[in-house]
Amino acid sequence: MSEKHIQPVFILSDASTRTQGRSAQRNNILAAKVVAETVRTTLGPKGMDKMLVDAQGHVTISNDGVTILEEMDIDHPAAKMIVEIARTQENEIGDGTTTAVILAGELLKNAEQLLDDKIHPTVIIKGYRLAHEHALQTLKTLSRTVRADDQELLEHIASTAMTGKGAESAKQHLSSLCVQATKHVTTADEVLIDNIKIFTLPGESSSSSELISGLVLDKQVVHPNMPTHVSDAKILLLNTSLELQETEMDAKISIQDPSQIQAYLDMEEQLMNALVQRIVKTQATVVICQKGIDDLAAYKLAKHGILAVRRVKKSDIEKLAKATGAHVLTDTKDVTADALGSAGRVVQKRVGEEMAVFVTECAKAQAVTLLLRGATTHVLDEVERAVTDALGDLRAVLLTKSIVAGAGSVEVLVAQALSEFAKTLSGREQLAVQAFADALLVIPRTLAENAGLDPIDVLADLASSQHTWPGVDVYTGNVVDAWDARVVEPTRIKTQALSSATEVACMILRIDDVITAHEKAN
Ligand code: ADP
Ligand code: MG
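Residues numbered from 1 in each chain as written. Chains lettered and ligands numbered in written order. Predicted model: local features only at pLDDT ≥ 70, side-chain atom pairs only at ≥ 80, totals over all residues. Heavy atoms only, no water.

## Digging into the sheet that holds strand E6 (residues 210-212)
A sheet is described by the order of its strands in space; here 3 strands give the open sequence E5-E14-E6, paired in mixed fashion. Pairing within the sheet leaves two strands with one partner each, and these edge strands are strand E5 (196-202) and E6. The mean inter-strand angle of the sheet, taken between neighbouring strand axes irrespective of direction, is 25°. Sheet topology note: the E6/strand E14 (residues 368-374) ladder contains 3 bridges and is antiparallel. Across the sheet, residue Glu-210 finds its bridge partner in E14, namely Leu-371. Packing against the sheet, helix H11 (residues 377-400) makes contact with E5 and E14, and its axis sits at approximately 160° to E5. (Pairing = 2+ DSSP bridges. Helix = DSSP H or I, 4+ residues; strand = E, 2+ residues; numbered from the N terminus. Axes fitted to C-alpha atoms, helices over the stretch in contact; angles between N-to-C directions. Contact = heavy atoms within 4.5 Å.)

This is the structure we're talking about:
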C-alpha cells in the first residue's frame, strides 16, 4: 500500500501574517471605527479639543479632524484609509473633515450589523451605492442658491465654519474679514484662496485681526538710512539680485600698480551707480528684491530715499505683483517705469518682537493679507485653521453658489428621503439603504451628545419636527430651523463627505484578505 504524503505548500514567508474572511473584515472595520470614535467628540460648536504632543514635544491643541489625524501616528492600513478621507476633504474644500470621517465610521459600523445578519458584502456595497446616488440627488433638490453679492449670507457661512473653534470670540469680525478677502481674489471662474496670505501675530485678541489690502513681509528695510514710511509708493519688484556680479568662473585680476586698485573699485562703483540711476529714473520709491542687495547698492538706494527689502520669498513676490500690479523683472536691464506697481503706503512697523514691512492700501489688490491676532501661538494656530476652513467654504460657495443648512438638519432630511427610497426597494438592498440612512443620523446625534444633550430625545424631536430644516440647537437643546438660525454650509461639504465616506466604506467592505509582510528578523 503506497503512502500518500500531503506536502504543505508555503507561499508566504515566515515573516508574513495573514488574516482572512470575517476576521479580516472585523479587524478593518474595528480600526476604522476607532479612528472615527477618536475625532467624534470634536464635532460641532460644542466639540472638545484634542491635545497632541509630537515626538519633539511640540503641542498642538485642535478640534480640526484632519489636523488631529495627521498628528496621530496611525499605522493600521484600514485606519490609514480613513485618514485619507479627511485629507481628501481638506484638499477639496478644507472644511468638513470630521464629518466625513465620522460618516465613514458609521457606515462601516452599520455594515457590520448587516454582515452579522449574514448579508453578503456585495449586497451591502450595492445598497450603499444606490443610497449614495439617491442622497446626492436629494441634496441637489434640498440645496438653495446663494448670490455672490449676498454679503450677509456669506458671512454666516464663514461664521458657521468657525463656530466652536479657537476663533469663536471674534467670529463675526473674522467672518467679515474672510468675505472681504475672498472678494479680492475672486476672478471670473476661480476663487484663488492661495492669494490670501495669512500672517499670524501673537499678542492682542483675535478681534484685533485685520485685512491688509496688500502684503505683510516679515522683513526689514536693508539700510538704516532708508525711509521706513513711503506714501503713494511706486514699487519695483525684482527676482534678480542687486549685487555686483561675481564672475561665473574663478578669475584672477592681477594689478601691478596701486592706482589700478582705485580704478577697479571706481569701475565697480560706476556700474552700481548706473544700475541705481536706472532705478531712480523710473521714480521708483520702493524696491523689493527676491535675491540679495549688497551694501553698496543699499547705501546708494538709501541716498536716493528709496526703501528696499531683500530676500523676499518667491511666493510673496508673486503675491506682491498681484497686489500692486507690478511686473516682476528678471533682469535689471528691463527696469522701466512701466514695470512699476503702486501701493498707497509702504511702512516698516514693529510687530511683536520682530519688524515687518507692510505694503498696504493697494487699489484693486488681487492678493491680500489676513493679519490674524491671538493671545498665544496655540490659540493663533487654531484661529488660523478656523479661518482656513471658512475661506475654503467661501470658495466652495462662490464656485457652486449652492448651500444647505447644517446643525444636523440636512442629514436628517436626507436620511428621511433615503428611508422613503428604501421602501421602494425589495429584499436585502432595502436593508442596506436603510443602514445608510441611519448612518447619516450620526451627525445630529453626535452634535447633541457633544453638547451634553440626550441624543435619543433630540433625534426623536428632530424626526417629529415641523421645521423645514430641523436642526439641533446646541445651546438650548431644542430643535430649531437651522436655516432661520443661519447655520449654513456649502452643499459641497456634504456631497464630498458622503462620496468619500461611501467610497472608502465600500472599499474596506470588499477586503476579505489582509496579508502583511513584516521585515525579517536577522
Ligand atoms: P467638520 O470638521 O466636519 O467641519 P466641525 O467641528 O466644524 O466639523 O462641525 C461641523 C458641524 O457642526 C456641522 O454639522 C455643522 O452643521 C455643525 N454646526 C456648526 N455651527 C453650528 C451651530 N451654530 N449649531 C449647531 N450645529 C452647528
Ligand atoms: Mg467645520
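After that view, the rundown keeps rolling.
## What to know about the sheet that holds strand E15 (residues 402-405)
Paired through backbone hydrogen bonds, the strands of a sheet run either parallel or antiparallel to each other. Read across the sheet, 3 strands follow the order E4-E15-E18 without closing on themselves; strand pairing throughout is antiparallel. This sheet does not close on itself; its edge strands, each paired only once, are strand E4 (144-145) and strand E18 (488-490). Two elements, E15 and E18, share 3 bridges in a ladder whose sense is antiparallel. Bridging from a neighbouring strand, Ala-405 pairs with Val-488 of E18.

## Describing helix H13 (residues 427-440)
Among all positions of H13, only Glu-429, Ala-432, Val-433, Ala-435, Phe-436, Ala-437, Ala-439 and Leu-440 are buried. Packing partners of the buried residues in H13 comprise helix H4 (97-116), helix H5 (121-142), helix H12 (409-423), helix H14 (442-450) and helix H16 (491-509). (Buried < 20%, exposed > 50% of the residue type's maximum accessible area, 1.4 Å probe, protein only.)

## Brief notes about the nonpolar core
Generally speaking, nonpolar side chains in soluble globular proteins are found buried as a group. Core analysis: the biggest nonpolar cluster contains 147 residues, and Ile-82, Tyr-128, Ile-288 and Val-359 have the highest contact counts within it. By residue number, the principal contributor to this core is H4, which donates 10 residues. Each residue touching Ile-82, except ones within four places of it in the same chain, is listed here: Ala-32, Val-35, Val-101, Ala-104, Leu-108, Val-504 and Ile-508. Residues Phe-199, Val-216, Val-351 and Ala-356 belong to the second largest nonpolar core, which totals 9 residues. (Core = buried A, V, L, I, M, F, W, Y, C linked by side-chain atoms within 4.5 Å.)

## A look at the packing of aromatic side chains
Evaluation of the coordinates by the stated rule reveals 2 aromatic pairs. A ring pair is formed by Tyr-128 and Phe-436, whose centres lie 5.5 Å apart and whose planes are at 80°; its orientation type is edge-to-face. Of the two residues, Tyr-128 is situated in helix H5 and Phe-436 in helix H13; the sequence distance between them amounts to 308 residues. Summarising the burial analysis for this pair, Tyr-128 and Phe-436 share the class buried. Seen in terms of ring centroids, Trp-469 and Trp-483 are 6.1 Å apart; in terms of plane orientation they differ by 25°. Their pairing is stacked. Here Trp-469, found in the loop between helix H15 (455-464) and strand E16 (470-472), pairs with Trp-483, found in the loop between strand E17 (479-481) and E18; they are 14 residues apart in sequence, far enough to count as distant. Here the two residues Trp-469 and Trp-483 agree in accessibility, since each one is buried. One Lys or Arg, Arg-144, reaches over the ring of Trp-483 and ends 4.3 Å from the middle of that ring. A cation sits over an aromatic face here: Lys-349 above Phe-358, 4.4 Å from the ring centre. (Phe/Tyr/Trp six-rings, centres within 6.5 Å; stacked < 30°, edge-to-face > 60°. Lys NZ or Arg CZ within 6 Å of the ring centre and 35° of its normal.)

## Considering unusual backbone geometry
Unlike most non-glycine residues, Lys-118 shows phi in positive territory, near 65°. For Lys-118, the position within the fold is in the loop between H4 and H5.

## Details of the state of the cysteines
Inspection of every chain in the model, using the stated rule, returns 0 disulfides. Unpaired in this structure, Cys-289 has its nearest cysteine sulfur neighbour in Cys-362, at a distance of 19 Å. Overall, Cys-289 belongs to the buried group, its relative accessible area being 0%. (Disulfide = S-S within 2.5 Å.)

## Section: the pattern of salt bridges
Where charged atoms of side chains with opposite charge meet at close range, the side chains can pair. Here the structure, examined in full by the defined rule, presents 21 salt bridges. Residues Lys-126 and Glu-429 are paired through a salt bridge, measuring 3.0 Å at the closest nitrogen-oxygen approach. One end of the pair, Lys-126, is in helix H5; the other, Glu-429, is in helix H13, with 303 residues separating them in the sequence. Judged by relative accessible area, Lys-126 falls into the partly exposed class, the value being 48%. With a closest N to O distance of 2.7 Å, Arg-385 and Glu-382 form a salt bridge. Pair noted here: Arg-385 and Glu-382 are both in helix H11, with a separation of 3 residues, about one helical turn. Like Arg-385, the residue Glu-382 is buried in the burial classification. Here the salt bridges share partners, and the residues they tie into one network are Arg-26, Lys-33, Glu-112 and Asp-116. (Salt bridge = Lys/Arg side-chain N within 4 Å of Asp/Glu carboxyl O.)

## Topic: the site of ligand 1
The full set close to ligand 1 counts 22 residues, and Asp-95, Thr-98, Thr-99, Ala-407 and Glu-489 are the nearest of them. Glu-489 places a polar side-chain atom, nitrogen or oxygen, 2.8 Å from an oxygen atom of ligand 1. Considering ligand 1 on its own, with 570 Å² of exposed area, one finds that the protein chains cover 95% of that surface. Of all the elements in the fold, those that place two or more residues in the shell around ligand 1 are H4 and H14. (Near = heavy atom within 4 Å. Polar contact = N/O pair within 3.5 Å; in protein donor to acceptor, adjacent residues only side chain to side chain. Areas by Shrake-Rupley, 256 points an atom, 1.4 Å probe, with all protein chains shown as cover.)

## Considering a nonpolar patch on the surface
Taken together, Ile-255, Ile-261, Tyr-264, Leu-265, Met-267 and Leu-271 make up a surface patch of nonpolar side chains, about 520 Å² in accessible area. Among the structural elements, Leu-271 can be located in helix H8 (residues 258-281). (Patch = residues over 30% accessible without salt bridge, like charges linked within 9 Å, V, L, I, M, F, W, Y side chains within 5 Å.)

## Some thoughts on the environment of Thr-160
On the secondary structure map, Thr-160 appears in helix H6 (residues 151-162). Sequence separation between Thr-160 and Ala-390 is 230 residues; the distance between their C-alpha atoms is 8.0 Å. Beyond its immediate chain neighbours, meaning those up to four positions away, Thr-160 contacts Arg-486, Val-487, Val-488 and Glu-489. Of note is the side chain of Thr-160, whose polar atom sits 3.2 Å from the backbone nitrogen of Val-488.

Worth remembering: the numbers are spatial, not functional.
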